[in-house]
Amino acid sequence: MPGERLSIRDNAAVGRFHGVSASNGQAVPERHAESKMKKEESGCRHWFRRACPCCFRRQNSSYDVSGDVDGVAAGDGKNEGPTTPLTPTGDTELAELTLAVCSVDLLSQKSNRNKKEHQTDQYNSDQLIIRRGQTFQIELNFSRPFNPNTDKLHLEMKTGPLPQVSKRTHIIIPLVDELQDESWEAKIVEQNVNRVKLSVNSPVTAVIGKYKLTVATQCLKTGETTTHDHDKDIYMLFNPWCEDDTVYIEGEKELKEYVLNDTGRIYYGTEKQIGARTWNFGQFDEGILEACLFVLDNSEVPPSGRGDAVNVVRVISAMINSPDDRGVLEGNWSGNYTGGTSPTAWSGSVEILRQYHREGGTPVKYGQCWVFSGVTTTVLRCLGIPTRSVTNFQSAHDTDVSLTTDVYFDENMEPIHHLNSDSVWNFHVWNDCWMARPDLPPGMGGWQAVDSTPQETSHGTFRCGPASLAAIRSGQVYLKFDTPFVFAEVNSDKIYWQRNLDGTFSQIHSEKKAVGHCISTKAVGSDERDDITHLYKYPEDSEEERIAVETACRYGSKPDVYSSPIAEDVRVEVRMEGEGPRMGVDAHLKIVVKNTSSQPRRTTLHSQVAVMFYTGVLKDTVKKDTLNVELNPQEEKVIEWVLPYAQYQNQLVDQAALMLTLSGRVSETQQVLANQTSFRLRTPDLNIEPVGEAYVGKEMSAKITFTNPLPCTLRNVVIRVEGLGLRDLHPIRVGDVSKHANVTVTEHFIPTVAGKRKLVASLDCRQLTQVHGVADIDVHESQ
């Protein structure tokens, strides 16, 4: 109609199709049939073409007027003359230009590389299950070929009821040319006509849980955007195979045992009559992953908190029991199990978790400690956290945070029952889970105690842990979470008290070996019992064990149970000369002990040094020593401490870090001495020396030199060189380098960008890491 405005789509057609006028914004039809066709096209077919261009595809670029128009035959074609093709409309062209997603394949079959590479092919599910910090692949099928020059594409993944970018629960995944570590990114790795395969990367800090996937596209020519919401979920788990994940555990045997093994052994009875029962963890059974995430959903912790393994473990500890949050299991120690299943009748976790999920979060009846532990193992292994069930025989229950097990008698030596709330269980079962503890001092990572049996509340909720076994062993009960309670379970003294006539109590007897015996778990790779008591406590009656007990008790509710030191006048510290010990030779440190008093002092220092991952997790102890030190008044002694190369050469991990722990007691005052010092063995640098002046477009070179610091041959050495504006990443295969040998390689390259640039090189081989170098290169414009 005259005066009718031209749409944006029609305006785009001006000058390209006849019948479109720019003078007054009005299209002038050349034929009545074409006008009628456009009118008819603006109905349902027009809408369908716009809504789903990949389903509605135009077969030809012209229309045949001899065909059926408006449902009326135009004749049989005889004596009709030549047919006149009609030009496609702007709407038709737009539909062809629009890039729409027709389908998404998450490549989630068990035989697909996604599940095999992510170690999730054992899960009985057709959903895509992946582990964070690792790439995965998906395939997209478009309505037309994807053109990276004129099309844009990005992915979105959302988890939780209210996804937010700021909370890392709404993820925008851009399309990039090369994937980088520690970020969400996608890269095209294969393209075949309308099909595109993407490799998608996730960071090791990603929130675990169930994600929804959206694919968003845009055609730059038209500005038209489309989105496709995929109907299948993506499940993200922790990744104990990834060195940068906080739950990383070294060793294929350990990974197989503590993550992939779906059956195990749980121990019970007494220390002299240890029984064992097989437990079906079943973390890969159908519906168990969904049930485990349902347990998380039922907690009050938002999805944004599910990237932190410490937080997730603490939540699961609370949610496996039911008293305050309607968790998975209702405990019952009464002997009357009417209305439920006797705890001794359960032989696995699968039915318990399925029933809890099926009934919408109604606690399952009934559980006792081994059932709570078995279900906890299932849930944490299912989510990707290395976990084991652990049994402690003669397990104390400290109710007043005294870190002692107290027994009270009246004046006539009759028990005072209302005061005797502490108890010692024949056995108690809880869990160890493996993780770094970035929230604690170095050395506190590794195995962490977690107890889901409801005994005492922690911050108002029935839960316990994760508590560092290293902290428990040394009596550092001030370190979170719930370390005092677990310490008391395994290493508290049993103290006997008698009431005096004035109502006060006096200590009359103590048992130092009453609790914490034969702490047991299933051995790696077999059904044998593994005694891990040494991980929780020093040997009974050793000086280290007594120091740990007395140190711990000072942080309890009865700090005066053990005599306080008369004085604290001896100091101990570790000193390092220069930049510290070097790789490949004996490591030298100085232990300095100083007596600030006017009296002589004697002490015995116990030292041990352990290999440490950069996350703070201790691997193996490589040396132990005992040092007897006698100090005159005001004397300072410097003790040379040496770690021979032979004792650490085959033990180091990537960062070549170690931790030296010192502990002791001053004989005259009973003062406790303690010190922990972490240090690393320095590696040599790569020396990079540019040769000549640098100009854009002109070849130049740099000499890279390196000296092997080790008294052994380095095998399969590779030097990687790169520099922005200088050259792309280039590996130089050096091969074997003899002990103490010098190596020089020359790298040729052509600078492409003027200005101050940096050439970076790094050396990689199995025996030596963290060797690198850098050179500044001033690139001039070409002459």
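Higher on the page you've got the structure.
Residues numbered from 1 in each chain as written. Predicted model: local features only at pLDDT ≥ 70, side-chain atom pairs only at ≥ 80, totals over all residues. Heavy atoms only, no water.

Taken in spatial order, the 4 strands make up an open sheet running S29-S28-S31-S32, and their pairing is antiparallel. In this open sheet, the two strands that pair with only one neighbour each are strand S29 (618-631) and strand S32 (672-680). Looking at each pair of strands side by side, their axes are set apart by 15° on average, direction ignored. (Pairing = 2+ DSSP bridges. Helix = DSSP H or I, 4+ residues; strand = E, 2+ residues; numbered from the N terminus. Axes fitted to C-alpha atoms, helices over the stretch in contact; angles between N-to-C directions.)

It is worth spelling out the nonpolar core at this point. Counting residues in each nonpolar core, the largest one holds 80 residues, and the members touching the most others are Val-328, Leu-329, Leu-353, Leu-383, Ile-385, Ile-472 and Tyr-536. Discounting residues that sit within four places of it in the chain, Tyr-536 has contacts with Val-390, Trp-430, Asp-432, Ala-449, Leu-469, Ile-472, Arg-473, Val-486, Val-490 and Ile-519. Leu-605, Leu-627, Val-743 and Val-771 belong to the second largest nonpolar core, which has 55 residues in total. (Core = buried A, V, L, I, M, F, W, Y, C linked by side-chain atoms within 4.5 Å. Buried < 20%, exposed > 50% of the residue type's maximum accessible area, 1.4 Å probe, protein only. Contact = heavy atoms within 4.5 Å.)

Glancing now at the environment of Asp-233. Take Asp-233: it is sitting in the loop between strand S9 (225-229) and strand S10 (234-237). When its relative accessible area of 10% is taken as the criterion, Asp-233 is described as buried. Residues Asp-233 and Tyr-211 lie 22 residues apart in sequence; the distance between their C-alpha atoms is 5.6 Å. Apart from the residues lying within four places of it in its own chain, the contact partners of Asp-233 are Leu-106, Gln-127, Leu-128, Lys-210, Tyr-211 and Lys-212. Within the local environment of Asp-233, its side chain forms a polar contact with the side chain of Lys-212, the two groups lying 2.9 Å apart. (Polar contact = N/O pair within 3.5 Å; in protein donor to acceptor, adjacent residues only side chain to side chain.)

The next subject is the packing of aromatic side chains. One pass over the structure, following the stated rule, counts 16 aromatic pairs. Their ring planes at 20° and their centres at 6.4 Å tell us that Trp-333 and Phe-372 sit as a pair that is stacked. Of this pair, Trp-333 sits in the loop between strand S13 (329-331) and helix H9 (350-358) while Phe-372 sits in helix H10 (residues 369-383), and the two are 39 residues apart along the sequence. Put simply, the rings of Tyr-258, Trp-434 and Trp-447 pair up and form one aromatic cluster. Looking at Arg-388, its charged tip hangs above the ring of Trp-447, at a distance of 3.8 Å from the centre. Its end group placed over the ring of Tyr-538, Arg-473 keeps NZ or CZ at 4.0 Å from the ring centre. (Phe/Tyr/Trp six-rings, centres within 6.5 Å; stacked < 30°, edge-to-face > 60°. Lys NZ or Arg CZ within 6 Å of the ring centre and 35° of its normal.)

This brings us to the side chain of Gln-134. Topologically, Gln-134 is positioned in the loop between strand S2 (128-131) and strand S3 (136-142). Polar side-chain contacts of Gln-134 include one of 2.7 Å to the backbone oxygen of Glu-117. Other than its neighbours up to four places away in sequence, Gln-134 contacts Glu-117, His-118, Val-200, Asn-201, Ser-202 and Asn-239.

Turning our eyes to something else, we now look at the sheet that holds strand S22 (residues 494-499). Sheet architecture is open: 3 strands sit in the order S16-S22-S23, paired in mixed fashion. With one partner strand each, in any of the chains shown, strand S16 (405-409) and strand S23 (505-511) form the two edges of the open sheet. On average, each strand axis in the sheet is tilted by 25° relative to the strand beside it, whichever way the strands run. Relative to S23, S22 runs antiparallel, the two sharing 6 bridges.

Following the criterion strictly, the structure yields 34 salt bridges and no others. The residue Asp-439 makes a salt bridge to Lys-480 at a minimum N-O spacing of 3.9 Å. Of this pair, Asp-439 sits in the loop between strand S17 (423-435) and strand S18 (446-450) while Lys-480 sits in the loop between helix H11 (469-474) and helix H12 (483-491), and the two are 41 residues apart along the sequence. Lys-537 is the salt-bridge partner of Glu-540, the closest N and O atoms lying 2.6 Å from each other. Sharing partners across several salt bridges, the network here consists of Glu-139, Glu-190, Arg-195 and Lys-197. (Salt bridge = Lys/Arg side-chain N within 4 Å of Asp/Glu carboxyl O.)

Taken by themselves, the reported measurements are silent on function.
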